[in-house]
Amino acid sequence: MKISWLDLSDRIKYELQQLEEEGNDVSELREEWNGLEDSNLNDENKKVIAENFYNKLEAVQFSVENEKNEPSEWNEIIRLINPKPETVPSFSPAFIEDRILGGWLGRSAGCLLGKPIEKTPRSGIIELLSSNNTWPITDYIKGSGIPDSLLKKYPWNKHSGKESLKENLECMTEDDDMNYPMLNLTVFEKYGEEFSTDQVSQTWMDNIPVLSTFTAERVAYANAITGIQPPATALIRNPYREWIGAQIRADLWGWVSPGQPQRAVEFAWRDARLSHVRNGIYGEIFFAAAIAASFKYDNINDIICEALTLIPAKSRFAEAINFVLSLPIQQQSWDAIVELLYQKYGKYHWVHTINNAALVCAALLSANGDYERAICNVVMGGWDTDSNGATVGSLMGTLLGAKSLPQKWIGPLNNKIRSSLKGFDNSLITELAKRTAKLAKYKS
């Protein structure tokens with residue numbers, strides 16, 4: 001049986017790509033692997049060949065071209081970012097509760113918008129939605145009116161994609177992008193602010209089915225259940241170590257750290273290192289910081305710029321965010337901006353951290369504070385549509401607060417969320433927000 005993201009042949013393909021992104025010439029190895037993979041052997045022999053080839057890869061001393069500017073360890077990150085002292089700000093409990101509820105609702109609606117078309121390339125999204133006159137996107141995705149031939153070419157997401165269509169909406173459907181804020185809520189409720197990466201790992205194994213995880217998380221989970229300890233869980237045969245998985249786990253750390261981005265960053269690092277390294281870690285700490293900063297700023301540019309100070313300045317992640325900040329986003333059409341991002345970062349896998357983080361920031365900057373415009377723009381940008389919709393929705397929801405979110409988007413959620421997590425299925429979103437607000441650190 002082939003298990004997605006754990007299959008050795010797939011991991012070798014993506015490991016070669018990852019090694020190349022780290023600055024290594026793998027052309028000869030790729031040619032060798034392609035020849036082995038194309039050999040006319042039975043499945044059992046191919047497994048042996050894959051195991052032997054992975055052993056060969058692990059025996060080579062590969063380098064990371066930008067390693068000194070892209071550390072994974074906390075003391076090295078701190079040395080590079082040199083943060084200023086941070087104080088605990090004052091907020092009213094009502095303010096905190098409204099902003100955190102806004103984050104939960106905003107994340108849910110943004111995720112739900114992008115969910116049916118996850119995995120569909122941008123050209124396919126345009127083709128699908130143009131066929132029933134719903135492009136550009138201004139509402140939840142509709143399935144009615146799309147020809148069967150197109151749906152065979154671009155099927156809805158197999159993970160509750162049909163249930164996430166406008167005509168079928170009853171709640172926030174089950175999704176890994178929503179499981180992780182709930183999982184991290186469990187971590188913080190059980191262990192408090194001194195939680196460790198080991199405790200995060202244990203919480204995963206206690207509460208989430210392994211097949212409800214994907215890419216780097218699935219590899220880290222598989223490593224953990226064999227007794228491997230963090231941070232080795234992120235390193236052993238994990239070619240997805242700089243992909244988007246950690247980035248979608250950022251929110252809870254920002255919500256419990258209102259106005260305290262540095263506090264959020266440390267929490268996010270402890271979580272991210274279970275499954276990711278370098279730029280994969282930076283995705284989580286950047287958006288944790290941005291969500292924390294959204295309690296004290298009313299301008300997206302200020303939020304992004306503060307979060308950027310907490311990322312190693314010469315990393316590829318920081319370079320991507322600075323590239324976005326250099327674009328004439330207010331002077332050009334959204335399609336033109338997306339095209340520039342695809343030209344610059346289209347080399348990355350559609351669920352890599354760097355390209356998706358750049359798209360998220362561009363969509364946030366394009367929206368001028370408008371929640372609908374932000375989530376629609378990021379989903380129309382393609383790549384990881386539900387994850388990006390969730391992150392944009394979360395940040396915008398936290399920035400605006402629940403009272404300012406349009407009923408058009410939060411009404412169809414019916415205040416309910418499905419989940420594959422133990423004890424969380426059919427949770428009330430308002431209850432999750434209340435539990436989160438109780439954990440937030442601030443002066444009232």
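Residues numbered from 1 in each chain as written. Predicted model: local features only at pLDDT ≥ 70, side-chain atom pairs only at ≥ 80, totals over all residues. Heavy atoms only, no water.

### Structural notes on the overall build of the protein chain
So, step 1. Within the protein chain, the secondary structure is distributed over 21 helices and two strands.
So, step 2. Taken against the 2.2 N^0.38 rule, which gives 22 Å for 444 residues, the C-alpha radius of gyration of the protein chain at 21 Å falls within 12% of a compact globule.
So, step 3. Counting over 444 residues, the protein chain shows a buried share of 58%.
So, step 4. In the protein chain, of all internal contacts separated by at least 6 residues, the share reaching a separation of at least 24 is 75%.
So, step 5. When the accessible area of the protein chain is evaluated, it comes to approximately 17,800 Å², of which 49% is carbon and sulfur surface.
So, step 6. Taking the average location of the 46 positive side-chain charges in the protein chain and that of its 58 negative ones, the two points are 3 Å from each other. (Helix = DSSP H or I, 4+ residues; strand = E, 2+ residues; numbered from the N terminus. Rg over C-alpha atoms; globule rule 2.2 N^0.38 Å. Buried < 20%, exposed > 50% of the residue type's maximum accessible area, 1.4 Å probe, protein only. Contact = heavy atoms within 4.5 Å. Areas by Shrake-Rupley, 256 points an atom, 1.4 Å probe, with all protein chains shown as cover. Lys, Arg positive; Asp, Glu negative; His and termini not counted. Charge placed at Lys NZ, Arg CZ, Asp CG, Glu CD.)

### Details of the nonpolar core
Where a protein is soluble and globular, its nonpolar side chains tend to be buried together.
So, step 1. Of all hydrophobic cores here, the largest spans 131 residues; its most connected members are Trp-253, Phe-286 and Leu-341.
So, step 2. Those residues in contact with Phe-286, other than ones at most four positions away along the chain, are Ile-304, Ala-307, Leu-308, Ile-311, Phe-317, Ile-321 and Cys-361. (Core = buried A, V, L, I, M, F, W, Y, C linked by side-chain atoms within 4.5 Å.)

### Quick look at the packing of helix H5 (residues 93–114) against helix H21 (residues 429–439)
So, step 1. Axis separation between H5 and H21 bottoms out at 9 Å; the angle between their running directions is 135 degrees. As summarised for this structure, H5 and H21 are arranged oblique, according to the angle between their axes. For the crossing formed where H5 meets H21, the hand is right-handed. Of the residues in H21, those touching H5 at Ile-96, Glu-97, Ile-100, Leu-101, Trp-104, Leu-105 and Ser-108 are Ile-429, Thr-430, Leu-432, Ala-433, Thr-436 and Ala-437.
So, step 2. The class makeup of the residues in the contact of H5 with H21 is nine nonpolar, three polar and one charged. (Axes fitted to C-alpha atoms, helices over the stretch in contact; angles between N-to-C directions. Parallel < 35°, antiparallel > 145°, perpendicular 65-115°, else oblique. Left-handed = near helix turned anticlockwise from the far one by under 90°. Nonpolar A, V, L, I, M, F, W, Y, C, P; charged D, E, K, R; others polar.)

### Some thoughts on the environment of Ala-318
So, step 1. Here Ala-318 is to be found in helix H15 (residues 316–326).
So, step 2. A sequence separation of 245 residues divides Ala-318 from Glu-73, and the C-alpha atoms of the two residues are 17 Å apart.
So, step 3. Beyond its immediate chain neighbours, meaning those up to four positions away, Ala-318 contacts Leu-308, Ile-311, Pro-312 and Ala-313.

### Concerning the packing of helix H13 (residues 278–293) against helix H19 (residues 385–400)
So, step 1. Two numbers describe how H13 lies on H19: the axes approach to 8 Å, and their chain directions differ by 25 degrees. Considered as vectors, H13 and H19 are oriented roughly parallel to each other. In this structure, H13 crosses over H19, and the sense of that crossing is right-handed. Contacts between H13 and H19 pair Phe-287, Ala-290 and Ile-291 from the former with Thr-391, Ser-394, Leu-395 and Thr-398 from the latter.
So, step 2. Here the residues of the contact of H13 with H19 are counted per class, giving four nonpolar, three polar and no charged.

### Observations regarding the environment of Ile-311
So, step 1. Note that Ile-311 resides in the loop between helix H14 (300–308) and H15.
So, step 2. By relative accessible area, which is 2% here, Ile-311 ends up buried.
So, step 3. Aside from chain neighbours lying at most four places away, what touches Ile-311 is Ile-81, Tyr-282, Ile-285, Phe-286, Phe-317 and Ala-318.

### Describing the packing of aromatic side chains
So, step 1. Going through the model one piece at a time under the given rule, you end up with 23 aromatic pairs.
So, step 2. Relative to Phe-53, the ring of Trp-33 lies with its centre 5.1 Å away and its plane at 40 degrees, an arrangement referred to as tilted. Within this pair, whereas Trp-33 is found in helix H2 (residues 27–37), its partner Phe-53 is found in helix H3 (residues 43–59), the two being separated by 20 residues in sequence. As far as the burial class goes, Trp-33 and Phe-53 line up, both buried.
So, step 3. Aromatic pair Phe-195 and Phe-267: ring centres 5.7 Å apart, planes at 50 degrees, arrangement tilted. Remark: Phe-267 occurs in helix H12 (residues 261–272) and Phe-195 occurs in the loop between helix H8 (176–191) and helix H9 (197–207); sequence separation between them is 72 residues. The pair formed by Phe-195 and Phe-267 is uniform in burial state, with each residue classed as buried.
So, step 4. Grouped by ring-pair contacts, the aromatic residues Trp-5, Tyr-14, Tyr-240 and Trp-243 constitute a single cluster. (Phe/Tyr/Trp six-rings, centres within 6.5 Å; stacked < 30°, edge-to-face > 60°.)

### Quick notes on the pattern of salt bridges
So, step 1. If you walk through the whole model with that rule in mind, you get 27 salt bridges.
So, step 2. The partner of Asp-271 in a salt bridge is Arg-249, and the shortest N-O contact between them spans 2.9 Å. Placement of Asp-271 in helix H12 and of Arg-249 in the loop between helix H10 (215–224) and helix H11 (251–255) is noted, with a sequence separation of 22 residues between them. One exposure class covers both Asp-271 and Arg-249, and it is buried. (Salt bridge = Lys/Arg side-chain N within 4 Å of Asp/Glu carboxyl O.)

### Remarks on H5
So, step 1. A rise of 1.5 Å per residue sets the reference length of H5, with its 22 residues, at 32 Å; its end C-alpha atoms lie 32 Å apart and thus fit the reference within 8%.
So, step 2. Summarising burial for H5: 18 of the 22 residues are buried, a large majority. (Expected span 1.5 Å × (residues − 1).)

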